[in-house]
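Results of the structural survey
Spelled out from the first residue to the last, the chains are:
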Amino acid sequence: MNKARRKQLEDLIDQLGTIKDGIEAVMDEEQEAFDNMPEGLQYSERGDAMQENIDNLQSAIDSLESDVIDCVQQVIDA
């Protein structure tokens, strides 16, 4: 791989990092909103949906880190 393509991939990894940070920020806000709900509402349908959203956002973050970013980094390092 030439230097220009490596640089393109490095720039894309930076963009993916920014996206990951944005997802983390939304997830943190959702977690804070969930944590600030009265306990009775946390166990309601709405609370369950919020918790599922948080779990899905965490899965997206994990996938970005372990799948996408790591795979692209391996190409750069090869």
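The following paragraphs examine the structure supplied in this document.

Calculation notes
Residues numbered from 1 in each chain as written. Predicted model: local features only at pLDDT ≥ 70, side-chain atom pairs only at ≥ 80, totals over all residues. Heavy atoms only, no water. Patch = residues over 30% accessible without salt bridge, like charges linked within 9 Å, V, L, I, M, F, W, Y side chains within 5 Å. Areas by Shrake-Rupley, 256 points an atom, 1.4 Å probe, with all protein chains shown as cover. Salt bridge = Lys/Arg side-chain N within 4 Å of Asp/Glu carboxyl O. Lys, Arg positive; Asp, Glu negative; His and termini not counted. Charge placed at Lys NZ, Arg CZ, Asp CG, Glu CD. Helix = DSSP H or I, 4+ residues; strand = E, 2+ residues; numbered from the N terminus. Buried < 20%, exposed > 50% of the residue type's maximum accessible area, 1.4 Å probe, protein only. Contact = heavy atoms within 4.5 Å. Expected span 1.5 Å × (residues − 1). Polar contact = N/O pair within 3.5 Å; in protein donor to acceptor, adjacent residues only side chain to side chain. Bend = angle between axes of the 7 residues up to and from the residue.

Turning our attention to a negative patch on the surface. Together, Asp28, Glu29, Glu32 and Asp35 line one region of the surface with negative charge. Following the sequence through the fold, Asp35 ends up in helix α1 (residues 3-35). Classification of Asp35 as partly exposed rests on a relative accessible area of 46%.

Looking now at the side chain of Lys20. Tracing the chain through its elements places Lys20 in helix α1. Judged by relative accessible area, which is 14%, Lys20 ranks as buried. When residues no more than four places from it in sequence are discounted, the contact partners of Lys20 are Ile61, Leu64 and Glu65.

Moving on to the environment of Lys3. With respect to the element layout, Lys3 can be found in helix α1. For Lys3 and Glu24, which are 21 residues apart along the polypeptide, the C-alpha to C-alpha distance reads 31 Å.

Further remarks concern the environment of Leu41. As for its placement among the helices and strands, Leu41 is situated in helix α2 (residues 39-42). Sequence separation of Leu41 and Ala25 is 16 residues, and the distance between their C-alpha atoms is 23 Å.

To continue, consider α1. Owing to its 3.6 residues per turn, the α-helix aligns residues three or four sequence positions apart on the same side. Compared with an ideal rise of 1.5 Å per residue, which puts 33 residues at 48 Å, α1 spans 47 Å between its outermost C-alpha atoms and is within 8% of the ideal. Taken residue by residue, α1 has Ile13, Leu16, Gly17, Lys20, Met27 and Phe34 as its buried positions. Next to the buried residues of α1 lie α2 and α3 (45-77). Measuring from the side-chain oxygen of the N-cap residue of α1 to the backbone nitrogen of Ala4 gives 3.2 Å; that N-cap residue is Asn2.

A few words on α3. Here α3 is 33 residues long and its end C-alpha atoms lie 46 Å apart, about the 48 Å a rise of 1.5 Å per residue gives. The sharpest bend along α3 comes to roughly 35°, located at Leu64. Within the span of α3, buried status applies to Gly47, Met50, Ile54, Ile61, Leu64, Ile69, Val72 and Ile76. Against α1 and α2 lie the buried residues of α3.

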